[in-house]
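Geometric and topological summary
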Amino acid sequence: IVVAGVIASFTALSFAQLSAYMPREGGGYEFAYRLISPYAGFLAGWMWVFSNIFIGAAVSLGFAQHLAAFFPFLPVTVVAAVLCISFIFLNYVGVRQSAMVNNALVVAKISILLFFIALGLSFINLNNFNPFMPRGFSGILEGAALIFFAYGGYARVTVMAEEVKEASRIIPRAIILALTISIVLYVFIGFVAVGLVGSQTLTASSSPLSDAIGVTGNSVAVFVLSLGAMIATASVLLMTILGVSRMTFAMARNGQLPTFLGRIHPRFQTPHYAVLITGLLSSVLVFGGFSRVVAVGTFSLLFHHALVNLAAVRLRAEKRRYPVFVSVLGLLLCLTLLVFLSTDAWVIGVAGLIVGAFYY
């Protein structure tokens, strides 16, 4: 968690200075398009869309697995697909409605996660941390590579920059705050969860935080954590569909995807075709298995972030807020993490990249 957070921090600074310089719909796609080349921009946008469609499927499956803990008779993949379709509708009818629901979900999930930390700290068994590095440092890097997708959220606000007031000031601040809060929460949650039941129990669980807090013997806490996990995954899915639809809209507006994806609904003022198609693709991918969709989503996200760092390197000196080595290091670290992803992630991720290259 710490390693992935540090690597994400360098890329976050690249996003922050680029969004201050160029607050346009499309985020990393526009940065690469304007500062590297239209082809690089297309690949950045294509892989962002590819990544978030897979991430949407992953968080839908996470929601369904926690719901199945209450209702074991429910088919996990069907529940995940239905959740995707429900959130397609919410994004279809407007960004204001999506933002209101998301604000409520975020307040609820952070409150529940703080409750987990506060209650769990007094039940930690330090023996659960032995052995401390069972798979050595390479195991830590594999874990960092896999969990990196959990840090992808801070970049989504750059994708919808034209819908944010005072974007050049607000978006960089939002990026830094979101990432900092996420790192702190993730570290505490990871520490408490492993301390409660150990890594092996967490590995075997489909609802790890609920199982971890079960050590306390508090059945109400187990229910609250299961509810919190569903709220957390639901809020991520909501913003994932929102972000990926804005990316396809930006690419269609530049003529790099079919023009109908750039059409705005006359009543709801949303890119409705982009919302429908990207959301439906996520609902289909839920049948691909959780670990696989997470790995592929992470591969594509790292590729996208690498191009954003390269775009930040190309930024003129007078427009740069941070030293150029920050973006160079961000680029190198993103490429390094790619090495530690699974074979499935490489095969499917490279296949997606090749399809995009041929389409272009």
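Residues numbered from 1 in each chain as written. Predicted model: local features only at pLDDT ≥ 70, side-chain atom pairs only at ≥ 80, totals over all residues. Heavy atoms only, no water.

**A word on the overall build of the protein**
Rules: We count a stretch as a helix when DSSP gives it H or I for four or more residues in a row; a strand needs E for two or more, and each element gets its number in order from the N terminus. Radius of gyration here is computed from C-alpha atoms only, and the compact-globule reference equals 2.2 Å multiplied by the residue count raised to the power 0.38. Here's how the labels work: a residue is buried when its accessible area is under 20% of the maximum for its type, exposed when over 50%, partly exposed in between, all with a 1.4 Å probe on protein chains only. Using a 1.4 Å probe, the Shrake-Rupley method yields the accessible areas, and only the shown protein chains count as cover for residues. Charge convention: Lys and Arg are scored as positive, Asp and Glu as negative, and His as well as the terminal groups of each chain are ignored. Charge placement uses NZ in Lys and CZ in Arg. For Asp and Glu, CG and CD serve respectively.
A tally of regular secondary structure across the protein gives 15 helices and zero strands. Taken over the C-alpha trace, the protein has a radius of gyration of 20 Å; the compact-globule value for 360 residues is 21 Å, and the two agree within 12%. Overall, the C-alpha framework of the protein stretches about 55 × 45 × 40 Å when taken along its three principal axes. Looking at the protein residue by residue over its 360 residues, the buried ones come to 51%. A total accessible area of about 15600 Å² is found for the protein, and carbon and sulfur atoms account for 70% of it. Placing the 19 positive and 9 negative side-chain charges of the protein at their respective mean positions leaves the two points 6 Å apart.

**Quick notes on a nonpolar patch on the surface**
Worth spelling out the cut-off: The residues that make up patches have over 30% relative accessible area and no salt bridge, and they are joined within 9 Å when like-charged or within 5 Å when they are Val, Leu, Ile, Met, Phe, Trp or Tyr. One side-chain nitrogen of Lys or Arg within 4 Å of one carboxyl oxygen of Asp or Glu is enough to make a salt bridge.
Together, Ile85, Phe260, Tyr273, Leu276, Ile277, Leu280 and Leu281 make up a nonpolar patch on the protein surface, roughly 550 Å² of accessible area in all. Broken down by element, the nonpolar patch gets its largest block of residues, five residues, from helix 12 (residues 272-285). One can find Leu276 in helix 12.

**Points about the environment of Ala204**
For Ala204, the location among the structural elements is in helix 9 (residues 199-204). You can call Ala204 exposed: its relative accessible area is 73%. Expressed as a C-alpha distance, the spacing of Ala204 and Ser86, which sit 118 residues apart in the sequence, is 29 Å.

**Points about the packing of aromatic side chains**
For clarity, the cut-off: Think of it this way: a Phe, Tyr or Trp ring, Trp meaning its six-membered ring, pairs with another when their centres are within 6.5 Å, and the plane angle makes it stacked under 30 degrees, edge-to-face over 60, tilted otherwise.
Counting across every chain of the model gives 13 aromatic pairs. Taking 5.1 Å as the distance between ring centres and 45° as the angle between the ring planes, the aromatic pair formed by Phe42 and Tyr360 counts as tilted. Here Tyr360 lies in the segment after helix 15 (343-359) and Phe42 lies in helix 3 (residues 38-70), a separation of 318 residues in the sequence. Look at Phe42 and you get buried, because its relative accessible area is 0%. Plain terms: the ring middles of Phe299 and Trp346 are 5.1 Å apart, the flat faces sit at 70° to each other, and that makes the pair edge-to-face. You can see Phe299 sitting in helix 13 (residues 290-313) and its partner Trp346 sitting in helix 15, a full 47 residues away along the chain. Exposure remark for Trp346: the relative accessible area of 36% places this residue in the partly exposed category. Chaining the aromatic ring pairs together yields one cluster made of Tyr39, Phe42, Trp46, Tyr359 and Tyr360.

**Topic: the packing of helix 1 (residues 2-21) against helix 2 (residues 28-35)**
Formally: Angles here are taken between N-to-C directions and fall from 0 to 180 degrees, while the axes themselves are lines fitted to C-alpha atoms, restricted in helices to the stretch in contact. Roughly parallel means an angle under 35 degrees; roughly antiparallel, over 145; roughly perpendicular, 65 to 115; everything else is oblique. The contact criterion used throughout is that any non-hydrogen atoms of two residues lie within 4.5 Å. For this scheme, ten residues count as nonpolar: Ala, Val, Leu, Ile, Met, Phe, Trp, Tyr, Cys and Pro. Four count as charged, namely Asp, Glu, Lys and Arg, and the remainder, Gly too, count as polar.
The interhelical angle for the contact between helix 1 and helix 2, taken along N-to-C directions, is 70°, at an axis separation of 10 Å. By the angle class used here, helix 1 and helix 2 are roughly perpendicular. Of the residues in helix 2, those in contact with Phe15, Leu18, Ser19 and Tyr21 of helix 1 are Gly28, Phe31 and Leu35. Of the residues in the contact of helix 1 with helix 2, the class split is five nonpolar, two polar and no charged.

**A look at the confidence of the model for the protein**
Defined as follows: For every residue, the predictor states its confidence as a pLDDT score lying anywhere from 0 to 100.
When the pLDDT values of the protein are averaged, the result is 85; 97% of them are 70 or greater. Per-element confidence in the protein is highest for helix 14 (residues 324-338), whose mean pLDDT is 93, and lowest for helix 12, whose mean pLDDT is 77.

**Focus on the layout of surface pockets**
For clarity, the threshold we go by: Only protein atoms enter the calculation, which uses a 1 Å grid: trapped sets of points that fit a 1.4 Å probe without letting it out are cavities, open sets showing protein on both sides within 12 Å along at least five of seven lines are pockets, and any residue with an atom within 4 Å of a point is a lining residue. Grid points are joined across faces, edges and corners, and a volume is the space filled by probe spheres set on the points.
By volume, the second largest pocket amounts to about 350 Å³. Lining the second largest pocket are 18 residues; nearest its centre among them are Trp46, Val49, Ile53, Leu257 and Leu281. Looking at the lining of the second largest pocket, the elements that each hand over two or more residues are helix 3, helix 11 (219-253), helix 12 and helix 15. Counting residues per element, the lining of the second largest pocket draws most heavily on helix 3, at six residues.

**Describing the pattern of salt bridges**
A full pass over the atoms with the stated rule returns four salt bridges. When the shortest N-O distance is used, the salt bridge between Arg135 and Glu142 registers 2.6 Å. Arg135 sits in the exposed class, given a relative accessible area of 58%.

**What to know about the packing of helix 11 against helix 12**
Threshold: Rotating anticlockwise by less than a right angle from the far helix to the near helix defines a left-handed crossing, while the corresponding clockwise rotation defines a right-handed one.
Between helix 11 and helix 12, the shortest axis-to-axis distance is 8 Å and the interhelical angle comes to 125°. Relative to helix 12, the element helix 11 is oriented oblique. Classified by chirality, the crossing of helix 12 by helix 11 is right-handed. Judged by residue contacts, Ile241, Val244, Ser245, Arg246, Thr248 and Phe249 of helix 11 engage Ala274, Val275 and Thr278 from helix 12. Along the lines of polarity and charge, the residues of the contact of helix 11 with helix 12 split into five nonpolar, three polar and one charged.

**What to know about the side chain of Gln256**
Test applied: Whenever two N or O atoms come within 3.5 Å, that pair is a polar contact, provided that in protein one can donate a hydrogen and the other can accept it, and provided that, for residues adjacent in sequence, both atoms are side-chain atoms.
Secondary-structure assignment places Gln256 in the loop between helix 11 and helix 12. Taking the relative accessible area as the measure of exposure, Gln256 reaches 9% and is therefore buried. At 3.1 Å, the side chain of Gln256 forms a polar contact with the backbone oxygen of Pro38. Ignoring sequence-local partners within four residues, the contact set of Gln256 consists of Tyr29, Tyr33, Pro38, Gly41, Phe42, Met251, Tyr359 and Tyr360.

**Digging into the side chain of Ser210**
Structurally, Ser210 is set in helix 10 (residues 208-213). Taking the relative accessible area as the measure of exposure, Ser210 reaches 3% and is therefore buried. If we skip the residues at most four places from it in the chain, Ser210 touches His66, Val222, Leu225 and Ser226.

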